[in-house]
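Residues per chain, in single letters:
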Amino acid sequence: MGDEEEPKEYRWETGYEKTWEAIKEDDDGFLEASVADIIQRAKRKRQTQKTGTTKLGMMRHLYILLDCSDAMSSQDLKPTRLLCTIKLLDGFIEEFFDQNPISQMGVIIMHNKRAEKISDLAGNSHKHVKQINSLNRTSLVGEPSIQNGLEMALSSLKLLPTHASREILIIMGSLTTCDPSDINVTIETLKQEGVRCSVIGLAAEVHVCRQLANQTGGTYNVILDDCHFKDLLYQQVDPPPAAVCLDSSLIKMGFPHQMEADGKEEPLTMCMCHVDSVDEGSKLTTGGYYCPQCYSKYCELPVECRACGLTLVSAPHLARSYHHLFPAANYTEVAFEKQVSLCFACQKTFTETDKQVYSCPNCSKTFCLDCDIFIHDTLHTCPGCATNLSTFQITHTS
Amino acid sequence: MADNGTGASSSLNSTLIKPTNLECKNLYDYLKTRTHNVLEKLYNHPTICLAVYRELPELARQYVIRILFVEQPVPQAMVASWGSQAFSKEHVYVSKVLSELCVWQEANIPGGLLGWILLPTFKRNLKVALLGGGKPWSMSSALEADSKARDVSFLDAYSLERWECVLHYMVGSQQQEGISADAVRILLHAGLMRRDEEDGSPVITRQGFQFLLLDRHAQVWHFILQYLDTVEQRGLDLVECLTFLFQLSFSTLGKDYSTEGMSSGLLIFLQHLREFGLVYQRKRKAGRFYPTRLALNITSSQNKGGITADEDTHKGYVVVETNYRVYAYTDSNLQVALIGLFTELMYRFPNLVVGVITRDSIRQALRGGITADQIIGYLRQHAHSQMIQQETKNPLPPTVVDQIKLWELERNRLTYNEGVLYSQFLSQADFNVLKEYAQSSGHLIWCNKEKRTLVINKSAHDDVKKFWKRYSKGN
Amino acid sequence: MNNIVLKRESNTDFSSTDETSLLVVIFDSNPGQQFLRDNTHVLTHCLDSIIAFSNAHLMQKAQNKLAVMACHSKTSQFIFPGPGKPIDIRQTDGQYEIFTMVEKTIKHNLSKLLGSDISNILTESLLAGTIAMALCYIARMQRIKSPGIKINSRILLVTGSSDSASQYMNYMNVFFTAQKHNVVIDVCALDQHLSLLQQGCDITGGLYLKLPQLQGLLQYLLWVFLPEPPIREKLVLPPPVKVDYRAACFCHRELIDIGFVCSVCLSIFCKFSPICTTCHTVFKMPGPLAVKQKKKKLKL
């Protein structure tokens, strides 16, 4: 992936969006048709940006660098920048692991010119959410140091195998950074290691952040308000294109199944995940997932076996990410001229207000706008193709 | 020493302590009060079985459907085992309802166990409703297509106009003539209106105000129930009318039905329904009629119109803001008058009135006999769809709701008790003895040591008097 | 001085909730199914049971909604409500008008569908696609509902065909979509055990039932599948079984305990191969087994 050198326009340099000029009254003096049109175009815009078939980095290792400096106590986001961020991160972490089940995440906070790792790379969302939520009691002091944060994340990411996709996401509230040495050297190292750094700024654009994102192939955005912040954050959920220097390999994984002891009660056993945790205490339980290699027991999946190092997942975990790799074909927009009377999927009767309908290139069935969006955003399966054996096979062999 | 007791405020109290509120019965309450014979006669009609089935609690419906195809009695213990342990209370309640409505009966099973068996009539006719068979309903004779068929929007407009006519009459705002003497009699019978003491013209009662604030569905049902009470005096057959009413409630909107084969009594009933807008008929002798939305699903207590927006005619029009302003998008005089019952109207535009809820306006409504819950219920029912979208459960701003309730509670700071005043005790000791006695029996309402006065519950007056006599004799 | 007491409100803790229940029944009427080919009466028997069950669902509450779909190998269709206007019905017996309409519409549309689809009978029913259509339909119902009304949606699948692994990805997509939108998927297997669909029931919180005998289909449907999910907790119903979530490898479609996963496309293989058959990525030769295990060691 090449470096994007073309300077994007700053927000205040782009043409002012005169939304009210785009609205036109129709013959009867109503605005609805024109407003609906604008909404519709916005909905579809997001979709066309998605194109499948590029190689994606599916096994993601993401460090979140969270600014916990003085600047985060500002109240321009309600109630404060930090609390708003914590709230959004909560949802983000859940969604991240929902969509990227075999990925790992870690959290580093930057305050008082230091970096502090509050949760190590791990694939369990509960732990991260707990750590993030405990942050609302931290004292927000001093300046952040991006360099220290990056170095700390890098030292951990460096050790990962070559097929892993490495990413850093910086959430930056401060407009300054206080670094011990030349940050350009660090950026160069990150670039060489293939670590993708994205930055979300909460205040205003900072040159060094733009430089960092551009050099390493990440994105840099400054938020407008909390909704935009959420949008930007959730854009990080979709796996990024694989970096050039990413090797691919086959990884050995175990698919544990719950033991079925015919007729007799399962014995009480201790699970490996809680065996040495002090705070929650270990309990003897029946049932659980057994590593097929060494028969250690775990109470949750996915997990890396502590005894033999095998990654244990369940098949639906993998299946959850398949849609990133095999998205449903994009539909083509066709002007509506009463070709068909109904939307194939939802049985909606097309009326005068449906100016455009959408047709699948494979099965040539016709859909309404809402189904088009539902199918590509959520379902990821074209109902037309999937209900006909002939088109079904086309889509699956290609 | 004297007990110069006087019930000073007794006459005032009786009205204040127990105001009669409008009582709404649902189908279950209505049927519960009928005798088993009437019930069994009613269950001869599939429509009524269907209506009763739908009114049953959720769990009861599952029980009935499970034993619908079973011929023998089912052991009671087995029925109890269908529900999970955590909900055993609900099971008991459900069994009670089913027995009260005569849907199932106890039966002996060989081996000494008690079992449940569905009432044969009920079982047979519910099966007919579900699976077919039996006689067709009385109004479904074949009809040629209507040359001037009426569509749904026409029927809606018609029924609305008819029904509002009744409501308008009640509030006395214009259109005095559009209502028959018969309807007035029902309103009087229901206690929604009463004859004015001076000129004998009907005026609205406090129940009438409460009636106005109910939702349309409940209004129709309440009104019809009152009508049914008088049906036998008119020489009509109650069972026949009920059956027809339920058939009507299960008919399809926008379809025409035939009057062929209907008895003369039913035809009279039909004309009454026509007057209230439950059915539409072009002419009295048209031979066909259209049910309107008012008649559909008349029994179901949780009906809230259609589930989809395009089926729904009941449009909310009220927006309440946290600054106590009420915006009502309506041009109906009736709705404006209703809003005016509890707000201070500020502006009126062709399609919008703006009012503000104030302490005075609410207190005025409360004095008129409307309760806070009714006001809140009215605002909630008619909340604008924009308000519902934001907060589905509670569309109204909580501050406003709380404040209206507080204003109501404010009026309830005084509680009234009928009592007898004891005063002019000769000594502190006498006072103490009587006070102790009254206190121990729980009849003391108020006492003042300095002034040596006591107020004692009126009902205990005789008892206390006797005690005092015994005590003073003993002294 | 109490407020107005509406009788019906005092009972609400026991009576039904104010929610609408939308049921989509998917009936696998593919004539290529094993158990249908043996005996043609079976199809009518199943159809009658499903119609009675559908009407029983509508009988529960006035505001309940119903859709019925037929699933074949070439196409899937909504057979109720069918396309176009509802057909005009005059009662001929004591059955509730709407129930008669449901029965007539379903039979009419299904016979039309079966009549049009006689050429080369294929045994595979594309159930995943039909569920996808049903989800689109449910999504539309959620969109057009009037504000303030809650719809509980569920899908009941009645099928006698087997679930083929070739639809695996589509199945998983529809299961996760259903889970996200709180749509419960129930499965009633008439003939064979369906392990993939059983996973779907487990993921979405639905019930799975392998019918012991076809005769009692209606009774099983009414007992197990008629109660809607909120009431199910109040009834004693068959307990969920433990579901086998092992993966099937892409090369031989066999269930495996330990396998190899492509780091680019997450395809699963039972043996190491130098090239991924799905995304054509060339792999590095396997390092010592534990590339992952020794990740703490410095990469050289």
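Just so it is clear, the structure is predicted and the values come from calculations on it, not from any experiment.

Q: Would you mind showing me how to read the interface of chain A and chain C here?
A: Interface size is often expressed as the accessible area that is lost when the parts come together. Tallying the contact residues gives 69 residues for chain A and 70 residues for chain C. Taken over both partners, the interface formed by chain A and chain C buries close to 6300 Å², and the fraction arising from carbon and sulfur atoms is 65%. Broken down residue by residue, the surface that chain A buries against chain C is led by Leu-250, Phe-255 and Tyr-322 of chain A, which jointly contribute 12%. Viewed at the interface, chain C and chain A are joined by one salt bridge.

Q: Looking at this model, I keep getting lost on the environment of Tyr-327 of chain B. Mind explaining?
A: All names here are of chain B. Here Tyr-327 shows up in strand 10 (residues 325-328). With 292 residues separating them along the chain, Tyr-327 and Thr-35 place their C-alpha atoms 48 Å apart. Contact partners of Tyr-327, with chain neighbours within four places excluded, come to Tyr-317, Val-318, Val-319, Glu-321, Leu-352, Val-353 and Val-354.

Q: What's the story with the domain arrangement of chain A in this structure? I'm lost.
A: Annotation of chain A at the domain level lists domain 1 (55-237), domain 2 (252-315) and domain 3 (326-397). Here domain 1 of chain A and domain 3 of chain A have C-alpha centroids that lie 39 Å from each other.

Q: When you look at the sheet that holds strand 8 (residues 288-291) of chain B in this model, what are you seeing that I'm missing?
A: Paired through their backbone hydrogen bonds, the strands of a sheet run either parallel or antiparallel. Residue and element names in this part refer to chain B. Taken in spatial order, the three strands make up an open sheet running 6-8-7, and their pairing is antiparallel. This sheet does not close on itself; its edge strands, each paired only once, are strand 6 (257-258) and strand 7 (279-280). In the sheet, strand 6 pairs with strand 8 via two bridges, with the strands oriented antiparallel. Considered in strand 8, the bridge of Ser-258 is made with Arg-288.

Q: Just to check I follow, could you spell out the pattern of salt bridges for this structure?
A: Two side chains carrying opposite charge are able to pair once their charged atoms lie near each other. All names here are of chain B. Enumeration over the complete set of coordinates arrives at 24 salt bridges over all chains. In this structure, Glu-164 engages Arg-216 in a salt bridge whose closest nitrogen and oxygen atoms are separated by 3.9 Å. Taken together, the positions of Glu-164 in helix 9 (residues 152-171) and Arg-216 in helix 12 (residues 216-231) put the pair 52 residues apart, joining distant regions of the chain. On the accessibility criterion, Arg-216 (28% relative accessible area) is partly exposed.

Q: I tried to follow the packing of aromatic side chains on my own but got confused; where do I start?
A: Applying the stated criterion across every chain yields a total of 34 aromatic pairs over all chains. On the numbers, 5.3 Å between centres and 90° between planes, the contact of Phe-96 of chain A with Phe-97 of chain A is edge-to-face. The pair Phe-96 of chain A / Phe-97 of chain A is uniform in exposure class, with both members buried. An angle of 85° between the planes, with centres 4.7 Å apart, marks the rings of Phe-223 of chain B and Phe-276 of chain B as edge-to-face. With Phe-223 of chain B in helix 12 and Phe-276 of chain B in helix 14 (residues 264-276), this pair connects stretches of sequence that are 53 residues apart. Residue Phe-223 of chain B is classed as buried on the basis of its relative accessible area, which comes to 1%. For Phe-276 of chain B, a relative accessible area of 1% puts it in the buried group. These aromatic residues form a ring-pair network of at least three members: Trp-163, Phe-223, Tyr-227, Phe-244, Tyr-257, Phe-269, Phe-276 and Phe-289 of chain B. Its guanidinium or amino end placed over the ring of Tyr-30 of chain B, Arg-34 of chain B lies 4.0 Å from that ring's centre, counting from NZ or CZ.

Q: Is there a simple way to think about a nonpolar patch on the surface in this case?
A: On the surface, a cluster of nonpolar side chains totalling about 290 Å² of accessible area is made up of Met-346, Tyr-347 and Phe-349 of chain B. The residue Tyr-347 of chain B is located in strand 11 (residues 344-349) in this model.

Q: Even after reading the chapter, I still don't get unusual backbone geometry, so can you show me in this structure?
A: With the exception of glycine, the majority of residues adopt a negative phi angle, and the majority of peptide bonds are in the trans configuration. Cis rather than trans, the peptide bond between Phe-80 of chain C and Pro-81 of chain C has omega equal to -10°. Along the chain, Pro-81 of chain C falls in the loop between strand 3 (76-80) and helix 4 (97-116). Of note, the phi angle at Lys-338 of chain A is positive, near 60°, even though the residue is not glycine. Despite not being glycine, Asn-182 of chain C has its phi angle at roughly 55°, a positive value. By the element assignment, Asn-182 of chain C lies in the loop between helix 6 (168-180) and strand 5 (184-189).

Q: What's the story with the sheet that holds strand 14 (residues 332-335) of chain A in this structure? I'm lost.
A: Residues and elements named next belong to chain A. Spatial ordering of the open sheet is given by 14-15-16, a layout of three strands whose pairing is antiparallel. Taken across any chain shown, the strands that pair with only one partner, and hence form the sheet edges, are strand 14 and strand 16 (366-367). Relative to strand 16, strand 15 (residues 356-359) is paired through two bridges, and the arrangement is antiparallel. Bridging from a neighbouring strand, Ser-359 pairs with Thr-366 of strand 16.

Q: Which parts of the structure should I look at to understand the packing of helix 13 (residues 238-249) of chain B against helix 14 of chain B?
A: When two helices pack together, their arrangement is given by the angle between the helix axes and the distance between those axes. Residues and elements named next belong to chain B. One can describe the packing of helix 13 onto helix 14 by two numbers: an axis separation of 10 Å at closest approach and a directional angle of 50°. On the basis of the axis angle, helix 13 is oblique to helix 14. Between helix 13 and helix 14 lies a crossing of right-handed hand. Each of Glu-240, Cys-241, Phe-244, Leu-245 and Leu-248 in helix 13 lies in contact with helix 14, whose residues at this interface are Leu-266, Phe-269, Leu-270 and Leu-273.

Q: When you look at the side chain of Thr-105 of chain C in this model, what are you seeing that I'm missing?
A: On the secondary structure map, Thr-105 of chain C appears in helix 4. Residues within four places of Thr-105 of chain C in sequence aside, it is in contact with Ile-79, Phe-80, Gly-82 and Ile-87 of chain C.

Q: Can you help me understand the UniProt feature "domain: VWFA" (unreviewed entry) in chain A in this one?
A: Here, UniProt's "domain: VWFA" (unreviewed entry) annotation points to residues 61-237 of chain A. Helix makes up 41% of residues 61-237 of chain A and strand 23%, and the two end C-alpha atoms of the span are 12 Å apart.

Q: Explain the domain arrangement of chain B here, please?
A: Residues and elements named next belong to chain B. Domain parsing of chain B yields domain 1 (2-15 + 417-474), domain 2 (28-135), domain 3 (152-291) and domain 4 (318-412). Domain 3 and domain 4 are separated by 28 Å when their C-alpha centres are compared. Listed by partner, the interface residues are 12 residues for domain 3 and 14 residues for domain 4. Across the domain 3 to domain 4 interface the summed buried area is about 1200 Å²; carbon plus sulfur atoms make up 65%. Of all residues in domain 3, Phe-209, Gln-210 and Leu-213 bury the most surface against domain 4, accounting for 48% of the area lost on that side. At the junction of domain 3 with domain 4, the criterion picks out zero salt bridges.

Q: Which parts of the structure should I look at to understand the UniProt feature "domain: Transcription factor Tfb2 C-terminal" (unreviewed entry) in chain B?
A: UniProt records the feature "domain: Transcription factor Tfb2 C-terminal" (unreviewed entry) for residues 402-469 of chain B in the present numbering. Measuring from the first to the last C-alpha atom of residues 402-469 of chain B gives 52 Å, for a span that is 49% helix and 21% strand.

Parameters at a glance
Residues numbered from 1 in each chain as written. Chains lettered and ligands numbered in written order. Predicted model: local features only at pLDDT ≥ 70, side-chain atom pairs only at ≥ 80, totals over all residues. Heavy atoms only, no water. Contact = heavy atoms within 4.5 Å. Buried area = accessible area lost by both parts, 1.4 Å probe. Salt bridge = Lys/Arg side-chain N within 4 Å of Asp/Glu carboxyl O. Helix = DSSP H or I, 4+ residues; strand = E, 2+ residues; numbered from the N terminus. Domains from an automatic or database assignment. Pairing = 2+ DSSP bridges. Buried < 20%, exposed > 50% of the residue type's maximum accessible area, 1.4 Å probe, protein only. Phe/Tyr/Trp six-rings, centres within 6.5 Å; stacked < 30°, edge-to-face > 60°. Lys NZ or Arg CZ within 6 Å of the ring centre and 35° of its normal. Patch = residues over 30% accessible without salt bridge, like charges linked within 9 Å, V, L, I, M, F, W, Y side chains within 5 Å. Areas by Shrake-Rupley, 256 points an atom, 1.4 Å probe, with all protein chains shown as cover. Axes fitted to C-alpha atoms, helices over the stretch in contact; angles between N-to-C directions. Parallel < 35°, antiparallel > 145°, perpendicular 65-115°, else oblique. Left-handed = near helix turned anticlockwise from the far one by under 90°. UniProt positions renumbered as here; feature names shortened; annotations may be inferred.

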